[in-house]
Amino acid sequence: MRYLGATDAVVAMGDSRQSCDLYASGYLGWVENNRGNLQIGQVEHAAKIVAADGRRGLIFARHGVLPAARVRADELGIAIFGFDPRGGTLDGVNLLGRELSAWAHARQS
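Residues numbered from 1 in each chain as written. Predicted model: local features only at pLDDT ≥ 70, side-chain atom pairs only at ≥ 80, totals over all residues. Heavy atoms only, no water.

In this section: the nonpolar core. Core analysis: the largest hydrophobic core is formed by 18 residues, its most contacted members being Trp30, Val43, Ile59, Val65, Ile78 and Ile80. Counting only elements with at least two residues in this core, the list comes to strand S3 (27-32), helix H1 (40-53), strand S4 (56-61), helix H2 (67-76) and strand S5 (78-84). For this core, the leading source of residues is H1, giving five residues. Discounting residues that sit within four places of it in the chain, Val65 has contacts with Asn37, Leu38, Arg70, Ile80 and Val93. Counting 15 residues, the second-largest nonpolar core is a separate cluster that includes Ala9, Ala24, Tyr27 and Phe81. (Core = buried A, V, L, I, M, F, W, Y, C linked by side-chain atoms within 4.5 Å. Buried < 20%, exposed > 50% of the residue type's maximum accessible area, 1.4 Å probe, protein only. Helix = DSSP H or I, 4+ residues; strand = E, 2+ residues; numbered from the N terminus. Contact = heavy atoms within 4.5 Å.)

Moving on to the side chain of Asn94. You can see Asn94 is positioned in the loop between strand S6 (89-92) and helix H3 (95-108). For Asn94, the side chain forms a polar contact with the main-chain nitrogen of Ile80, separated by 2.8 Å. Aside from chain neighbours lying at most four places away, what touches Asn94 is Arg70, Ala73, Asp74, Ile78, Ala79 and Ile80. (Polar contact = N/O pair within 3.5 Å; in protein donor to acceptor, adjacent residues only side chain to side chain.)

Attention now moves to the environment of His45. Position of His45 among the secondary structure elements: in helix H1. Look at His45 and you get partly exposed, because its relative accessible area is 39%. Separated by 26 residues in sequence, His45 and Ser19 place their C-alpha atoms 9.4 Å apart. Apart from the residues within four sequence positions on either side, His45 is in contact with Ser19 and Trp30.

Enumeration over the complete set of coordinates arrives at one aromatic pair. The interplanar angle of 20° and the centroid separation of 5.4 Å between the aromatic rings of Phe60 and Phe81 together place this pair among those described as stacked. One end of the pair, Phe60, is in strand S4; the other, Phe81, is in strand S5, and 21 residues separate them in sequence. Exposure remark for Phe60: the relative accessible area of 7% places this residue in the buried category. (Phe/Tyr/Trp six-rings, centres within 6.5 Å; stacked < 30°, edge-to-face > 60°.)

This is how it looks when you write it as structure tokens:
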């Protein structure tokens, strides 16, 4: 999230952990570190929470993303990023994720 300019990003603790994994003034984030592909249900869960909260939703997926989940995330305005903790890479997976990644990269140049 700091890559996107959210310098106030923190890991959720306590009760806020029930809603998201990370949060900042402009974003709520989920880290999908489990085996298997990101599913539509995870995208829709994030979308419901950000709709009520007003911040933008980000999902960081360590493994794959089902094509239907990618499409649904685009429809709902949720950015998906693929990450490799060993290689230290972060890439946009869906349209919004790629747009935010390009914006962040341009901002740092």
